[in-house]
Amino acid sequence: MPAWKLVGAVGLSGAVIAGLTASTAVAEDNVLRSDKDVARSCFEKLLPGGTKGTDRREVTSTVDGLIQARLAPRGGDAGDWDLAVFDKATGNVVAASAALRSAELAESFVTKGQELVVQACRYAGAARAVNLGVDFLAINAQGGPTAAQRAEIVRVETPNKQAKDRLFALGLDVTEKADATGVEVVLAGDADRETLRKSGMKSTVVQADISARSIANAKADKQYAAATAGSVLPSGRTSYRHLYDYNFEMKELARANPGLAKAFTLPESTWEGREVVGVEIAKDVDNIKDGKAVNFTMGIHHAREWPAGEHAMEWAHELVKGYKAGGELRSLVTKTRNIVVPIVNPDGFNVSREAEPKGDFSRFDYEMKRKNCNVSDSPEAFRTGTCMANPAGRLRGTDPNRNYAGFWGGAGASTAWSSDTFRGSGPFSEPETRNIRSIVSNRQVTNLITLHTYSNLVLRVPGVADVRPPLDEPAYKALGDKMASRNGYTSQPSWALYDTTGSTEDWSYFATGGWGFTFEVGPNEFHPPFEQGVVAEYAGLAPAAGAGKGGNRQAFIDMLTNAADPSAHSTLVGSAPKGYQLQLRKAFQTPTSPVVQPDGSVKDPIFVSDVLKSDLASTGGRFSWAVNPSTRPYVAGRYGRDPQGPPQAPIALANPAGVPAENTNFPADLTGEVIPFHVDGMPAVDNGKMQVTVQWGTPDTDWDLYIFDAAGNLVSSSASGGTNSEKAVLFDPPAGDYTAVMVNYSQADPSTPDDWSNLKVDFLSPLPTTYGPKEPYTLTCSDKRGRLVGLAEIYVDRGQTVDVGDVCERSARAAKERKN
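Our subject in this report is the structure included herewith. (Residues numbered from 1 in each chain as written. Predicted model: local features only at pLDDT ≥ 70, side-chain atom pairs only at ≥ 80, totals over all residues. Heavy atoms only, no water.)

1. Points about the overall build of the chain
For the record, the criterion: Secondary structure counts use DSSP, requiring at least four H or I residues in a row for a helix and at least two E residues in a row for a strand, with both numbered from the N terminus. Within these notes, the globule rule equals 2.2 Å times the number of residues to the 0.38 power, and the radius of gyration is based on C-alpha atoms. Residue contacts follow a heavy-atom distance rule, with two residues in contact if any of their heavy atoms lie within 4.5 Å. Computed with a 1.4 Å probe, the accessible areas rest on the Shrake-Rupley method; for each residue, only the protein chains presented here act as cover. Only four residue types enter the charge count: Lys and Arg as positive, Asp and Glu as negative, with His and the chain ends excluded. By convention, charge coordinates are those of NZ in Lys, CZ in Arg, CG in Asp, or CD in Glu.
Tallying secondary structure elements over the chain gives 15 helices and 40 strands in all. A globule of 820 residues ought to have a C-alpha radius of gyration of about 28 Å, and the chain, at 29 Å, matches this closely. Dimensions along the principal axes, computed over C-alpha positions, put the chain at roughly 90 × 85 × 50 Å. In the chain, of all internal contacts separated by at least 6 residues, the share reaching a separation of at least 24 is 77%. Taken as a whole, the chain presents about 31100 Å² of accessible surface, with 52% of it coming from carbon and sulfur. Each charge class in the chain was averaged separately, 86 positive and 97 negative side chains, and the resulting centres sit 9 Å apart.

Structure, rendered in structure tokens:
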């Protein structure tokens, strides 16, 4: 926990802020007024007093700490006002907010005695006045100044599922950089290092000092921006955006491109009252009931993953510029609708981006925040302060990407509020995830990409290995592989990292059938230098893995091309009178995982209710409606293959004479016992799964097991520790020669070694494909007066076109015949 506390507040509005009693309000008018709206940036510069479309107040900070400046609408018309706070002496922007209406929160760090100008700008709308509130919140060190503890990234050895589950149970900050044998973990300080040490799990240092790296990255970013007039990005951007940059750019895209781009506010505000903003891009963008496939791109579920938002924002610019330029993108945008939400978690992102002290990133605790700003699940002692300065530091909040209903409550998410992967009090407990649920549930989102950092991955469902791949696996994998060929990433199911539950696409895909992918952008940092993590990764330039292949730009175009392809989803065709409204609807319940409890026990799954609705406005005559399949992938079945022969007979492997010396440095030190064996193949046998097991006497002794193929590649391993057995697993093992290596990691008593026994190889048949029940949509038709005139059940599969005829006229005619 950080050695900081809030000790007081001064409020222009006289409000109580985050449980702190504000002192007497500053005696000044808190109503800001302007008779004219002017579409311009409020934060670009401090404008002279009396400038049309603006009003301002001057304040002096009474604290070393935070300023929170808020706007709130007056009366019924909120209009669109923006807000910025400037340092009076230098004219530099201190904080700003530029959402689409007039609910603004500008928050950042100030020093005692700093003279400030609060500037409000009427961007658009009829509202001539707004209310202003300004609060200063002091931050003092508890017990005096303390040295910042060194934060690092280590790679923890997790050679099997049991080891990965054990790592998650420690409550450490686990990254998405993982493979079959290890996971990278952030150790925020000495307490985390001690937790890992006590666990006995093995680790190696990957990045020794994150704060030092961040300082170096910030310096590199300043140098790049100073030396570069404009980048190759669609926007020409040369530096990381702030939250206010994102929101202003989206509404400027919409203002400059009427009929093509439209900025919108998602249904729910965040825990701190911020609005979540997105932009939709389509030909005739206001006609959202036109039946086109919806391609949805989003960024920053996790606050510190800045390139995720940058890639999403650049894609919005790409779509607009590409449409206006003509060619391939114009055609693709014409055929689809595109929704971009760059910042799913604006509270958390603002904390990370404005990390105190502003500019040098030495405050690791806030810069590396991952979660949102939910305070309700914290113990009472940690509920004071704001998200940007509170007793729990970055640990306040819920991990939004563990809060979706898909398999919520299971492995790969934490029950502890202080964990960076805290799953929340229940599925969809967070406004951020409910916002995404609202879009996916009310639009036909056929394609979805959620952007994260880091580890150069294109991930697809399922997040849990035991769920098994969906029936769509061949096409799903092919699409992921194609995108990975552009950005140079690895395409794989999410469970190949480690089991995760509550993630975005494990809900969206299994509930709707719309393709869903996670991109883990970049190889090794949450927010690397802008030139590398954004410019190179997006455009496919060195040193990115996608250099010369098109990068994430081309991967996004591949996804959009898939959305525009009717064979990749489903299509309904038919006819309806002009002005009639058609709606597809289905309601269902889906179980979560069996819910892991804080004490490690497991309770029954929770059944989560979902309602999917989408609408088509008939223009008269024939229509074509791009939709997802009517049967949810969750119930449709699971992909597999029928056995083409029996599995191979078990193999017992002999223990060589003697016991090798202890070796804690494998594979750098290759000391161990080598035992060869052979795996047969078709047509004699069909091995769907190979598992190699071994035992010894006491858990106080530790043997590790590694499996190599004939080329020397490590293909499986098991090195758990704290057990008297190991099990290494490989699915669909290719025929050939293999080698098991037994490594004597440690002995309870080296003078009387505890040798291993019962080393054997077992084979299992592949699991066949299974099929579940078909599910329908309910299709309704309403006339111009909103009266229901048509009703039908519609079954449609992926790649299928179903002609529903004139459901409105047919049902109306049938009703008339029944009446007669």
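That shown, we press on.
2. Here we look at the packing of helix α4 (residues 243-256) against helix α5 (residues 306-325)
The condition is simple: Fitted lines through C-alpha atoms give the axes, limited to the stretch in contact for helices. The angle between two N-to-C directions lies from 0 to 180 degrees. Note on angle classes: values under 35 degrees are labelled roughly parallel, values over 145 roughly antiparallel, values of 65 to 115 roughly perpendicular, and the remainder oblique.
Between α4 and α5, the least distance of the axes is 11 Å, while the angle of their chain directions is 10 degrees. With respect to α5, the axis of α4 lies roughly parallel. Contacts between α4 and α5 involve Y246, E249, M250 and L253 from the first element and W306, G309, E310, M313, A316, H317 and V320 from the second.

3. So, the pairing of strand β39 (residues 788-794)
The cut-off we apply is this: Two strands make a pair as long as DSSP finds a minimum of two bridges between them.
For strand β38 (residues 777-782) and β39, the ladder comprises six bridges, and the chain directions are antiparallel. Note on β39: the bridge partner recorded for Y777 is I794. What sits between β38 and β39 in their antiparallel hairpin is a turn of five residues, with G786 showing a positive phi close to 85 degrees.

4. Structural notes on the pattern of salt bridges
Selection criterion: The term salt bridge refers to a side-chain nitrogen of Lys or Arg lying within 4 Å of a carboxyl oxygen of Asp or Glu. Buried residues are those whose accessible area, probed at 1.4 Å on protein chains only, stays under 20% of the maximum for their type, while exposed residues exceed 50% and partly exposed ones sit between those limits.
Under the definition given, this model contains 53 salt bridges. Here R274 ties to E272 by a salt bridge, and the two come within 3.0 Å at their closest N and O atoms. Residue classification places R274 among the buried positions, given a relative accessible area of 4%.

5. Some thoughts on the pairing of strand β15 (residues 277-281)
Most of β15 is tucked away, with five of its five residues classed as buried. Across five bridges, the pairing between strand β14 (residues 261-265) and β15 is antiparallel. Looking at the pairing, A263 lines up with V279 of β15. In this sheet, strand β17 (residues 336-341) lies alongside β15 in antiparallel orientation, the contact comprising three bridges. Bridging from a neighbouring strand, V279 pairs with V340 of β17.

6. Structural notes on the sheet that holds strand β30 (residues 673-679)
Pairing between the strands of a sheet is mediated by backbone hydrogen bonds and can be parallel or antiparallel. Strand order across the open sheet formed by four strands is β30-β35-β32-β33, with antiparallel pairing between neighbours. The sheet terminates laterally at β30 and β33 (714-718), the two strands that pair on one side only. Between one strand and the next, the sheet's axes are offset by a mean angle of 20 degrees, whatever the strand orientation. Pairing of strand β32 (residues 702-709) with strand β35 (residues 736-746) involves eight bridges; the strand directions are antiparallel. Pairing of W703 across the sheet is with N744, part of β35.

7. Observations concerning the environment of A169
Relative to the assigned elements, A169 resides in helix α1 (residues 161-169). Sequence separation between A169 and A413 is 244 residues; the distance between their C-alpha atoms is 8.8 Å.

8. Re unusual backbone geometry
When glycine is set aside, most residues are seen to have a negative phi, and most peptide bonds are trans. In this structure, P543 follows A542 across a cis peptide bond, with omega equal to 10 degrees. Following the sequence through the fold, P543 ends up in the loop between α12 (530-539) and α13 (551-563). With an omega of 5 degrees, the peptide bond running from M682 to P683 counts as cis. With respect to the secondary-structure elements, P683 resides in the loop between β30 and β31 (689-695). Phi is positive for R468, which is not a glycine, with a value near 75 degrees. For R468, the position within the fold is in the loop between β19 (457-460) and α10 (473-487).

9. Focus on the side chain of T518
Cut-off, in case you're wondering: Contacts described as polar in this section are N or O atom pairs within 3.5 Å, which, within protein, must combine one atom able to donate a hydrogen with one able to accept it, while residues neighboring in sequence count only if both atoms come from side chains.
Along the chain, T518 falls in strand β21 (residues 515-520). For T518, a relative accessible area of 4% translates into the label buried. Polar side-chain contacts of T518 include one of 2.7 Å to the side chain of E505.

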